[in-house]
Every structure is written in structure tokens, then in C-alpha cells.
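Commentary on secondary and tertiary structure
These are the residues of each chain, in order.
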Amino acid sequence: MHKAPSSSNLGPGGLDIAQAFFKPIQCSSTPSSAKRHTKISVIGVGNVGMAIAQTILTQDLADELALVDAKPDKLRGEMLDLQHAAAFLPRTKILASVDYSVTTGSDLCIVTAGARQIPGESRLNLLQRNVSLFKVIVPPLAKYSPEAILLVVSNPVDVLTYVAWKLSGFPSNRVIGSGTNLDSSRFRFLIADHLDVNAQDVQAYIVGEHGDTSVALWSGISVGGVPILSFLERQQIAYEKETLQKIHKEVVESAYEVINLKGYTSWAIGYSVANLARSILRDQRKIHPVSVLAKGFYGINGGDVFLSLPAQLGRSGVMGVTNIHLTDEEAQQLRNSAETILEVQSQLGV
Ligand SMILES: NC(=O)C1=CN([C@@H]2O[C@H](COP(=O)(O)OP(=O)(O)OC[C@H]3O[C@@H](n4cnc5c(N)ncnc54)[C@H](O)[C@@H]3O)[C@@H](O)[C@H]2O)C=CC1
Ligand SMILES: CC(=O)C(=O)O
């Protein structure tokens, strides 16, 4: 380590001390392979925002993390609490402010601010309260980070993703809702539990609304690459449709159950959103069931509606929607889900 110069050369500021502490090495140019600086902003530092922030930090997904909330004390408290973990985490600069200029130049803006359900309340019931908040939140995000990808988590997530798309003026590939990425994880967990296998070996999608009209794609489920329903049929192993419906019902009721028990959901959505952030920012081109502009896909033609479809995610956001096989029943359920969302959306003045 280089010796620090005598204290008479040091100014009072930290920067002066840092400059004195390390002798700079002359670099001729920045190597082209240098890692790109990545900035993520999280709006809303409640249960969900903080679960996402801490997962982003532990998974080393950003060089800079900006937090925004309407409550300055809570915001500063959360920022300091995360900063105090610096010795145990990959290096990330953590900023926080009630002023949206702190989000300037973000690659990804994750919106979690807003009202949450009380026990027994549906997600759609939160709509009017959270649309009013989005009118305050989305325009400054778009202003300070015009090239960002917006990832909406606040509920009802599908309608609010549509609202964010309208308010931001961004192209639809850069506005995504966390959608049924979480429901699909719950689905995979329950199937894995049923079959006593690892959930990561279960490929299974819930699509449509992140809510009561979600659709379980039973026909496409595979375990370790083996399509499960056709396998059972080939082996002449009987399964009851009611068993399948019961598992889907359990997925739909998952959030209600957790909210009844602990007041909110947080850890699973934290991992789900960090998983999406990784696919987007690291250009992973992985397929996730997320809320995207669904018009024109799978016979959904009623209007501009966002709902979850298996979409490929990369650095430019939504790169495409996978053309998976749906049975007639699944396709009809998906269109019904779109109708439900469109009906709610038609009451908005956005
Ligand atoms: N899409 C999904 O899968 C999930 C969505 N959610 C949704 O996420 C949202 C947040 O849930 P929680 O974190 O549990 O709620 P929370 O009440 O713990 O946190 C909400 C935060 O938003 C902040 N906020 C309110 N108005 C704001 C404004 N104008 N600007 C900035 N911040 C503002 C509040 O100060 C608070 O810190 C809810 O809408 C909830 O339903 C929750 C879990 C899963
Ligand atoms: C609250 C919510 O949307 C969920 O945990 O699924």
C-alpha cells in the first residue's frame, strides 16, 4: 500500500483524503471490455421495496441503488441500515431521497410504492389509490431516466403496468409488470412438493392476471424435461382434474393466506423481482411469465391490455413472447382474464 502524504496535505473532505491515500495509476484508455455501470432505482421502501433492495444487493446486480419514498425518515433509516451492511456485501453505492433526481440515469426503475391489501381485500380494489400515486411517480422517473426499463410491482400490477406505459410514453418493450413470475414460482413449489422433486426442475407457467383470474397452463408442465400430463396418460396413471384445480386454487389463495398470517408478502416477491432484474440487466434472454402488452397474442384483441405471457427478457426489455401451445380451454381462460382486466381498465381516466 502506498504511504499517505503528511497530514498537512490533507483537506477536510473525504475525497481529498481518498486522493491522498491512493496514488493514481495512469490509464491510457478504458478497456472496451470494462463492465458497464448499472443503476437500479426502487420506488417505495416498504416491505416489498426493501425485500427487493436487499436481494439486489446480496446478488450483486447493481453498482448503484437509488431509493425513493414519500416518507423521508423511513427512507433515510432504510438507506443507513443497508449501508451499514457494506462490509458483508458486494460494493454498491446506495443513495436515497424524496427527490426523483436521485434516480437520474437508471437502467431499471422498480415501482413498489402504494397501498397494499388488507386481509381479504382483492388486488383490484387498490386501483384508484395507486393510480393517483402513479401520476406522481411515473412522469419524473421517465424524465430522469428516459432510457430506463420500468418494472411495476405495485398492485393491481397488470392495470398499473398499463398506466405506467401510458404515463411514461415509453415503448411497450420497456414497460414490464412483475405479473405471474411470482405465481409461477408458487405453482412450481406446490407441484414440486406434490411430486417430491426440486422446484427448479419443474417448468410450469401461470399466465394472465396476477390475481383471481390467473390461468394455470397444465398442458405445458414438465419435470426434468418430461411433459407430465402426457407422461401420466401414456403410463395410464389416473389423475383427477380436481387435484390439478386444487393446486391452482392454492396458488391463487397464496397471497391472501400470507397476508392473513403476517400482514403482507415480501420475501418471495423480492426474489422474483431480483430474478427479473438479473435477466434484464445481464441480458440473459430468459423466458419469464411477466406482464406485457398482450394485444395480438393468443387471440387477445379487445384492446391494449397488459397481462402475463411467457416473455423473453434481455437488456432491451421484452424481446418477444413465446408461442407456446395452449389447449382451447386454456386459451379461452386467458382471453377471459384479459376481459376482466380490460373491464377494470375502462373505468380509468388515464
Ligand atoms: N406484484 C406482486 O406480486 C406484489 C405486489 N405487491 C404490492 O406492492 C405494493 C407495496 O406493498 P408493501 O411494500 O407491502 O406496502 P408498504 O405499505 O409496506 O409500502 C409502501 C411504500 O410506498 C410508499 N409510498 C406511498 N406513496 C408514495 C409516493 N407517492 N412516492 C413514493 N413512495 C410512496 C410508502 O411510504 C411505503 O413506504 C402494494 O401495492 C402491494 O399490493 C406486494 C407483493 C407482491
Ligand atoms: C400481494 C401479492 O400480490 C402477492 O403476494 O401475490
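Everything in this summary refers to the structure shown in the same document. (Residues numbered from 1 in each chain as written. Chains lettered and ligands numbered in written order. Predicted model: local features only at pLDDT ≥ 70, side-chain atom pairs only at ≥ 80, totals over all residues.)

A look at the sheet that holds strand β10 (residues 222-223)
Strand order in the open sheet made by the three strands is β7-β10-β11, with antiparallel pairing throughout. In this open sheet, the two edge strands, each paired with only one partner strand, are β7 (202-203) and β11 (226-227). As paired strands, β10 and β11 are joined by two bridges and run antiparallel to one another. Note that in β11 the partner of Val223 across the bridge is Val226. (Pairing = 2+ DSSP bridges. Helix = DSSP H or I, 4+ residues; strand = E, 2+ residues; numbered from the N terminus.)

A look at the pairing of strand β3 (residues 93-96)
Of the two faces of β3, only one is covered, namely that formed by Ile94 and Ala96; the face formed by Lys93 and Leu95 stays uncovered. Once the chain exits strand β2 (residues 64-68) it traverses helix α3 (residues 72-83) before rejoining the sheet at β3, and the crossover so formed is right-handed. (Buried ≥ 20, exposed ≤ 12 C-beta atoms within 10 Å, placed from the backbone. Right-handed = clockwise from strand over helix to strand, strands pointing away.)

Some remarks on the site of ligand 1
Among the 33 residues in the neighbourhood of ligand 1, the closest are listed as Gly44, Gly46, Val48, Ala113 and Asn155. Counting residues per element, the shell around ligand 1 draws most heavily on helix α4 (residues 127-144), which supplies four residues. Looking at the shell around ligand 1, you find at least three residues from each of domain 1 (39-177) and domain 2 (181-345). (Near = placed C-beta within 6 Å. Domains from an automatic or database assignment.)

Brief notes about helix α6 (residues 181-195)
Across its 15 residues, α6 extends 21 Å between first and last C-alpha, which sits within 8% of the 21 Å expected from 1.5 Å per residue. Of the surrounding elements, those touching the buried residues of α6 are β7, β8 (206-207), β9 (215-216), α8 (241-262), α9 (267-281) and β12 (286-293). Immediately beyond the C-terminal end of α6, within one or two residues, lies Asp196, with a positive phi of roughly 55°. (Expected span 1.5 Å × (residues − 1). Contact = placed C-beta atoms within 7 Å.)

Digging into α4
Taking 1.5 Å of rise per residue, the 18 residues of α4 would be expected to cover 26 Å, and the 26 Å separating its terminal C-alpha atoms lies within 8% of that figure. Within α4, the axis deviates most sharply at Phe134, by approximately 35°. Within α4, the full set of buried residues consists of Leu127, Asn130, Val131, Phe134, Ile137, Val138, Leu141 and Ala142. Elements that come into contact with the buried residues of α4 comprise β1 (39-43), β4 (108-111), β5 (149-152), α5 (157-168) and α10 (328-345). (Bend = angle between axes of the 7 residues up to and from the residue.)

Quick word on the packing of helix α2 (residues 47-58) against α9
It is at 8 Å that the axes of α2 and α9 come closest, and there the two elements cross at 50°. Put simply, α2 runs oblique to α9. Relative to α9, the crossing made by α2 is right-handed. Contacts between α2 and α9 pair Val48, Ala51, Ile52, Gln54, Thr55 and Ile56 from the former with Trp267, Ile269, Gly270, Tyr271, Val273, Ala274 and Ala277 from the latter. Residues belonging to the contact of α2 with α9 are distributed by class as follows: ten nonpolar, three polar and no charged. (Axes fitted to C-alpha atoms, helices over the stretch in contact; angles between N-to-C directions. Parallel < 35°, antiparallel > 145°, perpendicular 65-115°, else oblique. Left-handed = near helix turned anticlockwise from the far one by under 90°. Nonpolar A, V, L, I, M, F, W, Y, C, P; charged D, E, K, R; others polar.)

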